[in-house]
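Residue-level listing of the chains:
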Amino acid sequence: FPVNLGALPEGLVASELFGYEKGAFTGSTTRYLGSFERAKDGTVFLDEISAIDEKIQVSLLRLLETRELYRLGGKRKIKVDVRVISATNEDLRESVDSGLFREDLLFRLDVLRIHMPPLRDRAGDLPLMVNHFVGVYNKVYNKDILNVAPECMSLFNAYEWPGNVRELKNVLMRAVVVSEGKEIRMGHLPHGLLSKRPGRPMIHIPVGTSLAEMEREMVKRTLAFTENNRQQAAAMLGISRRALYNKIERFGIK
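The structure reproduced in this document is the subject of the present report. (Residues numbered from 1 in each chain as written. Predicted model: local features only at pLDDT ≥ 70, side-chain atom pairs only at ≥ 80, totals over all residues. Heavy atoms only, no water.)

A look at the sheet that holds strand β5 (residues 83-87)
The strand order across the open sheet built from three strands is β1-β2-β5, with neighbouring strands paired in parallel fashion. What marks the edges here is a single partner per strand, and that holds for β1 (2-4) and β5. With direction set aside, neighbouring strand axes in the sheet form an average angle of 15 degrees. (Pairing = 2+ DSSP bridges. Helix = DSSP H or I, 4+ residues; strand = E, 2+ residues; numbered from the N terminus. Axes fitted to C-alpha atoms, helices over the stretch in contact; angles between N-to-C directions.)

Some words on the packing of aromatic side chains
In the structure shown here, the tally under the stated rule is five aromatic pairs. On the numbers, 4.7 Å between centres and 85 degrees between planes, the contact of tyrosine 159 with tryptophan 161 is edge-to-face. Overall, tryptophan 161 belongs to the buried group, its relative accessible area being 2%. (Phe/Tyr/Trp six-rings, centres within 6.5 Å; stacked < 30°, edge-to-face > 60°. Buried < 20%, exposed > 50% of the residue type's maximum accessible area, 1.4 Å probe, protein only.)

Some thoughts on the environment of glutamate 21
Positionally, glutamate 21 belongs in the loop between α1 (13-18) and α2 (35-38). Residues glutamate 21 and lysine 75, spaced 54 residues apart in sequence, show a C-alpha to C-alpha distance of 9.5 Å.

Looking at the side chain of glutamate 21
A relative accessible area of 17% places glutamate 21 in the buried class. Here arginine 31 takes part through its side chain, which lies 3.0 Å from a polar atom of the side chain of glutamate 21. Apart from residues lying up to four places away in sequence, glutamate 21 is in contact with Ser28, Thr30, Arg31, Arg71, Leu72, Gly73 and Gly74. (Polar contact = N/O pair within 3.5 Å; in protein donor to acceptor, adjacent residues only side chain to side chain. Contact = heavy atoms within 4.5 Å.)

Digging into the nonpolar core
In this structure, Leu17, Phe36, Leu46 and Ile49 are the most contacted members of the largest nonpolar core, which totals 27 residues. Elements that contribute at least two residues to this core include exactly α1, β2 (43-47), α3 (54-66), α4 (92-97) and α5 (103-109). Considering each element in turn, this core owes the most residues, five residues, to α3. Not counting residues up to four positions away in its chain, the partners in contact with phenylalanine 36 are Leu17, Phe18, Val44, Leu46, Leu60, Leu63, Leu69, Val80, Val82 and Val84. Counting 24 residues, the second-largest nonpolar core is a separate cluster that includes Met129, Phe133, Cys152 and Ala175. (Core = buried A, V, L, I, M, F, W, Y, C linked by side-chain atoms within 4.5 Å.)

Without other data, these values stay purely geometric and don't point to any function.
Spelled out as structure tokens, the structure:
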């Protein structure tokens, strides 16, 4: 059961999470079950958890500790049994240090942390996402786009994507809308994206990556940057074309 806390007005967060009784406040003409009750025996996904104020943080901490809640205006304890998953693009430790987020709530939420790297650090995922979103927008806008031009994919691989996946979705939605053929080309991309293409893209490699994985990623990204011009890629990598062909075969690069 997803709840986008960042999109809710501050005064409605408690109502959406915990529910309310009839007459709890002006306009509450019926009882309303909050997200935790509606997700009985299921999962509540709290997106943008950093957006809630201190009062809601206290109520949420109490619920996580006791598995009980009170609806707004209610006097009866209500048992809840749900799994809670939270997400944020903020550094909650910094929010704790600045007094914006309770440390005890952070400890209670931080049982199993999954770090999702930004799109610029997941080059291998980019083609999969591009194909997926093009397929989605084909259906939405009744298009039949079958391909993304190699120069577009080269640009996508070179771009830093400061807006992450949301920016990629917007770029592809626009491209699908304006395309009149079966291929997305450079002219279908927004000018802002074209103007920000760096001379050479940066590759972000986490500490602990094996040398083989680093070499494979370097070869793959260089080929993408040169639009599969193997002579140019070999020159940039400082190896012979034969050595490049051997690496392409060894790493299974297509």
